[in-house]
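# Coordinate inspection notes
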Amino acid sequence: MNLCDFAPEYIRSIQPYQPGKPISELARELGLDEAYVIKLASNENPLGTSPLAVDSMINALHDIALYPDGSGYELKAALSNRYGVAPEQIVLGNGSNDVLDLAARVFLKPGAAAVYSQHAFAVYPLVTKMIGANGISVPARDYGHDLPAMLDAITPETRIVFIASPNNPTGTLSGENELFRFMERVSRDVLVVMDEAYYEYLPEANKPDSLKWLKQFSNLLITRTFSKVYGLAGVRVGFGLTHPDVANLMNRVRQPFNVSSIGLVGALAALQDAEFVQRSYALNRAGMMQLTDGFRKLGVEYIPSYGNFISFRVKGEAANTPVVYQWLLQRGVIVRPLGIYEMPHHLRVTIGLESQNKRFLESLELALNELN
Ligand SMILES: *Cc1c(COP(=O)(O)O)cnc(C)c1O
């Protein structure tokens, strides 16, 4: 036996997470100019970052010899104010993925279980399996979460249910009433993680009043992120809102300085920049129309999406999907293959700037012609 054979089987069997291909990597591989490559693969904000946030982060660079404020006092105060929760209900994370990981480390152990949907965000099985807990994947309904079936899938060992709404990579949304019914019925000794990474991209009419439910349900954890609409994916800041007792446990297993000083000030400034959020939202709505119109003209089937991305189906056999993916790469357009999500016929594209969406659609048309 060598050292690595002693790593637990549940660690060795984890499938590595496949991130979107970085621009620099593709440019290097194909000898392309980086400026020519467009990355529509990781649901990043095509407008970049709030200028207010950029300024405050540049200022904060002068103090990076110092450890960050490990309690995140100011950011928590601002979030508390914004969302009407006590600072004791907030858990800051190195991205919201960190918050998901903290929840798993607090409530899961070998023999325990977590429930999530088929085609749901890849981090749920990841954080479950690295604890040695069992992941229970519930078949999706029309690519969306089947909440009644997820409720039925809960076993006495289940400690967490992960719900992504909107879900990545399908873009599906669970209705507010359906979510509320789920909360009413689920046992109070199961933590329900409502992952709302794309909440700010929802039209007002579709935004569930989930924050209000925190008062009623002590087993609810809502996660949000600064990576998407706020354009801070690179500095890694997310947060969870939950019952103070749950937050207290999560904060005990949190690395003391899990959010960087740059991330803390960037998030604080981004939170105040309503204009940037509004502009990002509007661009996304317009881009979503542009892409869905384009798909319809090309006869491409897509899954209607509530996020800043959309998944579409490549016709014919599954082997066509990597062909189209590679073809787009050759033309400097990076999208995301969804094989690891059990969607081998689909590719996911992030809504970009108008010109990027246009180039993507033109490249896709050529790629599809190539297949015929
Ligand atoms: C992008 C995303 C996140 C956020 O990840 P960060 O760690 O905050 O960058 C969380 N959940 C879902 C479903 C996502 O798509």
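The structure presented is a predicted model; accordingly, all values stated were derived computationally and were not measured. Counting restarts for each chain, with residues numbered from 1 along the sequence as it is written. Note on the predicted model: pLDDT of at least 70 is required for a residue's local features to be given, and 80 or more for side-chain atom pairs to be given and counted; whole-chain, interface and lining totals, by contrast, use all residues. Water and hydrogen atoms play no part in the side-chain values, which are based on all heavy atoms of the structure.

## Section: the overall build of the protein chain
Segments assigned H or I by DSSP are reported as helices when at least four residues long, segments assigned E as strands when at least two residues long, and all are numbered from the N terminus. When its secondary structure is counted, the protein chain shows 14 helices and 13 strands. Radius of gyration (C-alpha) of the protein chain: 21 Å, near the 21 Å computed for a compact globule of 372 residues. Across its three principal axes, the protein chain shows a C-alpha extent of roughly 60 × 55 × 50 Å. Out of the 372 residues belonging to the protein chain, those deemed buried represent 51%. Put simply, 72% of the contacts in the protein chain that link residues at least 6 apart link residues at least 24 apart. The Shrake-Rupley method, run with a 1.4 Å probe sphere, supplies the accessible areas, and residue values consider only the shown protein chains as cover. For the protein chain, the accessible surface area stands at approximately 16900 Å², while carbon and sulfur atoms represent 53% of it. The charge count includes Lys and Arg as positive and Asp and Glu as negative, but it does not include His or the ends of the chains. Where a charge sits is defined by one atom per residue type, namely NZ (Lys), CZ (Arg), CG (Asp) or CD (Glu). The distance from the centre of the 33 positive side-chain charges to the centre of the 38 negative ones in the protein chain is 2 Å. Computation of the radius of gyration draws on C-alpha atoms, with the globule rule given as 2.2 Å multiplied by the number of residues to the power 0.38. We call a residue buried when its accessible area falls under 20% of the maximum for its residue type, exposed when it is over 50%, and partly exposed in between, using a 1.4 Å probe and counting protein chains only. Contact between two residues is taken to exist if any of their heavy atoms lie within 4.5 Å; hydrogens are not considered.

## A look at the domain arrangement of the protein chain
Under the domain assignment, the protein chain is made up of domain 1 (3–48 + 275–371) and domain 2 (51–270). Listed per partner, the contact involves 31 residues of domain 1 and 30 residues of domain 2. We define buried area as the total accessible area lost by two parts upon association, computed with a 1.4 Å probe and summed across both. For the pair domain 1 and domain 2, the summed buried surface comes to about 2500 Å²; carbon and sulfur atoms form 66% of the total. If you sort the residues of domain 1 by the area they bury against domain 2, Y281, Y306 and Y341 come out on top, with a joint share of 25%. We call two N or O atoms a polar contact when they sit within 3.5 Å, provided that within protein one can donate a hydrogen and the other can accept it, with sequence-adjacent residues counted only if both atoms are side-chain atoms. At the junction of domain 1 with domain 2, the criterion picks out eight residue pairs in polar contact (both at pLDDT 80 or more). The set of elements that each furnish at least two residues to the side of domain 1 that touches domain 2 consists of α1 (9–12), α12 (274–298), β10 (309–313) and β13 (346–350). Looking at the side of domain 1 that touches domain 2 element by element, the count peaks at six residues for α12. In this document the domain limits rely on a domain assignment from an automatic tool or a database.

## Here we look at the sheet that holds strand β12 (residues 336–337)
A pair of strands counts as paired when DSSP detects no fewer than two bridges linking them. The four strands are arranged β9-β10-β13-β12 in an open sheet whose pairing can be described as antiparallel. Both edges of this open sheet fall to β9 (302–303) and β12, since each of them pairs with a single strand only.

## Thoughts on the packing of α12 against helix α14 (residues 354–371)
Axes here mean lines fitted to C-alpha atoms, for a helix over just the part in contact, with angles spanning 0 to 180 degrees between N-to-C directions. The N-to-C vectors of α12 and α14 enclose an angle of 15 degrees; their axes lie 10 Å apart at closest approach. The orientation of α12 relative to α14 falls into the category roughly parallel. Note on packing geometry: the crossing formed by α12 with α14 is right-handed. Touching G287, Q290, L291, G294, F295 and L298 of α12 are E354, N357, K358, F360, L361, L364 and E365, all from α14. Residues are grouped as follows: Ala, Val, Leu, Ile, Met, Phe, Trp, Tyr, Cys and Pro are nonpolar; Asp, Glu, Lys and Arg are charged; every other residue, Gly included, is polar. Considering only residue class, the contact of α12 with α14 consists of six nonpolar, four polar and three charged. When describing relative orientation, an angle under 35 degrees is termed roughly parallel and one over 145 degrees roughly antiparallel, while 65 to 115 degrees is termed roughly perpendicular and anything else oblique. Here a crossing is called left-handed whenever its near helix is offset anticlockwise from the far helix by less than a right angle, and right-handed whenever the offset is clockwise.

## Details of the site of the ligand
Whether a residue is near a molecule or strand is decided by its heavy atoms; if any one of them lies within 4 Å of it, the residue is near. All residues adjacent to the ligand are G95, S96, N97, F121, N168, D195, A197, Y198, T225, S227, K228 and R236. Take T225: an N or O atom from its side chain is 2.5 Å from an oxygen atom of the ligand. Separating an oxygen atom of the ligand from a side-chain N or O atom of K228 is a distance of 3.3 Å. Isolated, the ligand exposes 390 Å² of accessible area, and the fraction of that covered by the protein chains is 94%.

## With respect to unusual backbone geometry
A cis amide bond links S165 with the next residue in sequence, P166, at an omega value of -5 degrees. One can find P166 in the loop between β5 (158–164) and α8 (176–185). Between N168 and P169 the backbone carries a cis peptide bond, its omega angle lying at 15 degrees. Phi angles above zero are rare outside glycine, and D142 is one such case at about 50 degrees. With phi around 70 degrees, Y143 is a residue other than glycine that occupies positive phi space. Its place among the elements puts Y143 in the loop between β4 (134–138) and α7 (147–153). According to the relative accessible area criterion, Y143 is partly exposed, its value standing at 29%.

## Overview of the environment of A269
In this fold, A269 is placed in helix α11 (residues 261–272). When the C-alpha positions of A269 and N177 are compared, they lie 33 Å apart, and in sequence the two are 92 residues distant. Contact partners of A269, with chain neighbours within four places excluded, come to L52, A53 and S56.

## Topic: the pattern of salt bridges
Two side chains carrying opposite charge are able to pair once their charged atoms lie near each other. A pairing counts as a salt bridge when a side-chain nitrogen of Lys or Arg comes within 4 Å of a carboxyl oxygen of Asp or Glu. Applying the stated criterion across every chain, the model contains 14 salt bridges. Through salt bridges with shared partners, a single network forms among K21, E25 and E29.

## Brief notes about the pairing of strand β7 (residues 220–225)
Counting buried positions over the six residues of β7 gives six, a clear majority of the element. A two-sided burial pattern is seen for β7, the buried positions comprising L220, I222 and R224 on one face and L221, T223 and T225 on the other. Examined bridge by bridge, β7 and strand β8 (residues 238–242) share five bridges and lie antiparallel to one another. Across the sheet, residue T223 finds its bridge partner in β8, namely G240.

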